[in-house]
Amino acid sequence: MKTMIRLLWIGILTAAVCAAAEKKSLPSSAPSEPEAQELQDQPLEPWRLELLDLAFETAAKIPVKPHLKDRSRAQAMVVETALKLDQPGRALRYLQRIDNWRRGACLADLAVYAARRGKAPLAEQYLRLAREIAEKGLPNASPEPVQEWRQDLIKSKIAQVYAQLGQLETALKAQEGLEPSQRGKMLLGKAQLQQKDLFDKEVQRLESELKRNNEDVRNNVLFSYAQMYDMVYDQKEQRTELEEKIRNSWSPLPAFLRIRLLTQLTEAALEHTDSAKALELLEEARQLLDKYQWPDETLFALGAPLAALRYRAGQREQAQKEAQELLKTYEARRQAIFNIYRAAALRPLAEAYAKMEDKDAALALYKRAVEEGVENPNSRPRAEDLAATCCSMVLSAVEPDAELRERIRQIHKGLGQPW
């Protein structure tokens, strides 16, 4: 019976995304499918699709017992990558193979994707399934109990979908009772926030969240302000108000979160071709980075994106110099970095070089990340690193050469005991 229910559930899901393709073959007299069901994968180079599939299959090789959490987290990362690349059908196929609560979280992400594209009925369909998992767990037997924080994570995404659809009252109801780590994330959509009265109401609502005087809520609210900053960037008064609110409330935040906020604001400025403002924010972030001693993996994760943003803002030589300094730092500290963290340190640098239009340097770093990822003899960290490096290459559009493709396949094939 459970198997039948699961097959029915999968069939409903698959039909939703495949509907558009099937519609083309329907006779003219057949009832037309709802327009909202048209959610199709966008064209993508074959090598990127192949690498994405290999990333997912690598994650799926991690055994459920005893590594269900790690396996599901790695699978969810590939789903997230697929959505970033406008591959909702692929994301759907992937998430159906996730065997814990993260399937519900991924369904909610797919609902957000649909909502942002105006596919309200489809978003609602995914939400119902996500809510079912949040409340009851998976239709098949799961070895993991559904814990409250996991339910709340899914529910916060559900609230976000309703907010994107403009159903604020429903969104507010959905986030009632959420634990602090999930509050303050919900935001109206861009079109709504560009209306002054709705913008003011949203700011007031987030201000009331800040009054909870909770660290997690404050962090979420400040990053929500940063998202709003991008959405209303062309409205100077609102943009200035948001930057002031961030600065007025961020003093308790650790420096790495302030750097991430400044990074997000810089990206927004560059998206709106405001290089002068981007460089101003970038300098502030760089000063914070230089002021403190960082754990290695944090240094590369924070510093490499700043170099890439500086390049994009027009200071190309300085950006390349900063990236080279980070690479020298990696070389100097490599032996002190535990082997399961080395590939994670190199990936942001490879991504930065790709953004700085130096694909050869990026490819060389990805090759090195692949080899660093197999330093540890256990297959679980090997699989996690390989899947993450493949996703990073796909997102950065750095095509592996024949040698690297063969090496990736070889590592994938060799995954096995000990895990």
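Rules behind the numbers
Residues numbered from 1 in each chain as written. Predicted model: local features only at pLDDT ≥ 70, side-chain atom pairs only at ≥ 80, totals over all residues. Heavy atoms only, no water. Helix = DSSP H or I, 4+ residues; strand = E, 2+ residues; numbered from the N terminus. Buried < 20%, exposed > 50% of the residue type's maximum accessible area, 1.4 Å probe, protein only. Contact = heavy atoms within 4.5 Å. Areas by Shrake-Rupley, 256 points an atom, 1.4 Å probe, with all protein chains shown as cover. Axes fitted to C-alpha atoms, helices over the stretch in contact; angles between N-to-C directions. Parallel < 35°, antiparallel > 145°, perpendicular 65-115°, else oblique. Left-handed = near helix turned anticlockwise from the far one by under 90°. Nonpolar A, V, L, I, M, F, W, Y, C, P; charged D, E, K, R; others polar. Phe/Tyr/Trp six-rings, centres within 6.5 Å; stacked < 30°, edge-to-face > 60°. Lys NZ or Arg CZ within 6 Å of the ring centre and 35° of its normal. Core = buried A, V, L, I, M, F, W, Y, C linked by side-chain atoms within 4.5 Å. Salt bridge = Lys/Arg side-chain N within 4 Å of Asp/Glu carboxyl O. pLDDT = per-residue confidence, 0-100. Expected span 1.5 Å × (residues − 1). Polar contact = N/O pair within 3.5 Å; in protein donor to acceptor, adjacent residues only side chain to side chain.

## Some remarks on the overall build of the protein chain
Moving on, step 1. Along its length, the protein chain carries 20 helices and zero strands.
Moving on, step 2. Looking at the protein chain residue by residue over its 419 residues, the buried ones come to 53%.
Moving on, step 3. Within the protein chain, contacts between residues separated by at least 24 positions form 70% of all contacts whose residues are at least 6 apart in sequence.
Moving on, step 4. For the protein chain, the accessible area works out to roughly 19600 Å², and carbon and sulfur atoms hold 49% of it.

## Some points on unusual backbone geometry
Moving on, step 1. Following Lys65, the chain continues to Pro66 via a peptide bond in cis, the omega torsion being 10°.
Moving on, step 2. Of note, Pro66 is situated in helix H3 (residues 64–84).
Moving on, step 3. Positive phi is not limited to glycine here, since Glu357 has a value of about 65°.
Moving on, step 4. Within the secondary structure, Glu357 sits in the loop between helix H17 (339–355) and helix H18 (359–372).
Moving on, step 5. With relative accessibility at 56%, the residue Glu357 sits in the exposed group.
Moving on, step 6. Despite not being glycine, Ala397 shows a phi value in the positive range, around 60°.

## Digging into the packing of helix H5 (residues 102–116) against helix H6 (residues 120–136)
Two quantities define a packed helix pair, namely the angle between the axes and the distance from one axis to the other.
Moving on, step 1. Remark: H5 packs on H6, axes separated minimally by 8 Å, with the N-to-C direction vectors making an angle of 160°. Between H5 and H6, the angle is such that the two are roughly antiparallel. The way H5 lies across H6 gives a crossing that is left-handed. Of H6, the residues touching H5 (which contributes Arg103, Gly104, Leu107, Ala108, Leu110, Ala111, Ala114 and Ala115) are Ala123, Tyr126, Leu127, Leu129, Ala130 and Ile133.
Moving on, step 2. Residue composition of the contact of H5 with H6, by class: twelve nonpolar, one polar and one charged.

## Section: the packing of aromatic side chains
The way to describe two aromatic rings as a pair is by their centre distance and the angle between their planes.
Moving on, step 1. This model, assessed by the stated rule, comprises five aromatic pairs.
Moving on, step 2. Relative to Tyr233, the ring of Tyr229 has its centre 5.3 Å away and its plane inclined at 85°; by these criteria the two rings are edge-to-face.
Moving on, step 3. Since its relative accessible area comes to 0%, Tyr229 is described here as buried.
Moving on, step 4. Each ring, one from Phe300 and one from Tyr330, has its centre 5.9 Å from the other, and the planes form 65°; the classification is edge-to-face. Of this pair, Phe300 sits in helix H15 (residues 296–312) while Tyr330 sits in helix H16 (residues 316–333); the two residues are 30 residues apart in sequence, bridging distant segments of the chain. The same class applies to Phe300 as to Tyr330, namely buried.
Moving on, step 5. A cation over a ring is seen here: Arg117 above Tyr113, with NZ or CZ 3.5 Å from the ring centre.
Moving on, step 6. Sitting over the ring of Tyr233, Arg239 keeps its end group 4.1 Å from the ring centre.

## Description of the nonpolar core
Moving on, step 1. In this structure, Tyr225, Met228 and Ile408 are the most contacted members of the largest nonpolar core, which totals 130 residues.
Moving on, step 2. At ten residues, H5 tops the list of elements feeding residues into this core.
Moving on, step 3. Setting aside residues up to four positions removed in sequence, Tyr225 forms contacts with Val203, Leu206, Glu207, Leu210, Leu242, Lys245 and Ile246.

## Here's the deal with the pattern of salt bridges
Moving on, step 1. For the structure shown, the criterion picks out 40 salt bridges.
Moving on, step 2. For Glu271, the salt bridge identified is with Arg312, shortest N-O distance 2.6 Å. Residue Glu271 is located in helix H13 (residues 255–271), and its partner Arg312 is located in helix H15; the two are separated by 41 residues in the primary sequence.
Moving on, step 3. Residue Glu271 is classed as exposed on the basis of its relative accessible area of 52%.
Moving on, step 4. Glu322 serves as the salt-bridge partner of Arg286, at 3.6 Å between the closest nitrogen and oxygen.

## A few points about the packing of H17 against H18
Moving on, step 1. Between H17 and H18, the shortest axis-to-axis distance is 8 Å and the interhelical angle comes to 170°. Here H17 lies roughly antiparallel to H18, going by the angle between them. Contacts between H17 and H18 involve Asn339, Arg342, Ala343, Leu346, Arg347, Leu349, Ala350, Glu351, Tyr353 and Ala354 on the former and, on the latter, Lys359, Ala361, Ala362, Leu365, Tyr366, Arg368, Ala369 and Glu372.

## A word on the confidence of the model for the protein chain
Moving on, step 1. Residues of the protein chain with pLDDT of at least 70 account for 89%, and the chain-wide mean is 87.
Moving on, step 2. A low-confidence stretch, residues 1–5 stays under pLDDT 50, and its non-local contacts, those more than four residues away or across chains, total three contacts.
Moving on, step 3. For residues 7–36, every residue scores under 50 in pLDDT, and the model assigns this stretch 35 contacts once sequence neighbours within four places are set aside.

## Considering helix H14 (residues 275–291)
Moving on, step 1. With 17 residues, H14 ought to run about 24 Å at 1.5 Å a step, and its terminal C-alpha atoms sit 24 Å apart, in line with that.
Moving on, step 2. Residues of H14 that are buried: Lys277, Ala278, Leu279, Leu281, Leu282, Ala285, Arg286, Leu288 and Leu289.

## A look at the side chain of Arg258
Moving on, step 1. Position of Arg258 relative to the elements: it lies in helix H13.
Moving on, step 2. Within the structure, the side chain of Arg258 is placed 3.2 Å from the backbone oxygen of Leu253, a separation counted as a polar contact.
Moving on, step 3. The contact partners of Arg258, leaving out residues within four places of it in the chain, are Trp250, Leu253, Leu288 and Tyr292.

## Some details on the environment of Glu384
Moving on, step 1. If you trace the backbone, Glu384 turns up in helix H19 (residues 379–396).
Moving on, step 2. Separated by eleven residues in sequence, Glu384 and Gly373 place their C-alpha atoms 8.6 Å apart.
Moving on, step 3. For Glu384, the residues in contact, after removing those within four places along its chain, are Ile62, Asp70 and Arg73.

## Some words on the environment of Tyr229
Moving on, step 1. Looking at the element boundaries, Tyr229 is found in helix H11 (residues 215–231).
Moving on, step 2. Other than its neighbours up to four places away in sequence, Tyr229 contacts Arg239, Leu242, Glu243, Leu265, Ala268, Lys277 and Leu281.

## Section: H11
Moving on, step 1. Taking 1.5 Å of rise per residue, 17 residues should cover 24 Å, and H11 covers 25 Å from first to last C-alpha, within 8% of that figure.
Moving on, step 2. Where burial is concerned, most of H11 is hidden: 13 out of the 17 residues are buried.
Moving on, step 3. The N-cap of H11, judged by a side-chain oxygen 2.9 Å from the amide nitrogen of Asp216 a few residues on, is Asn214.

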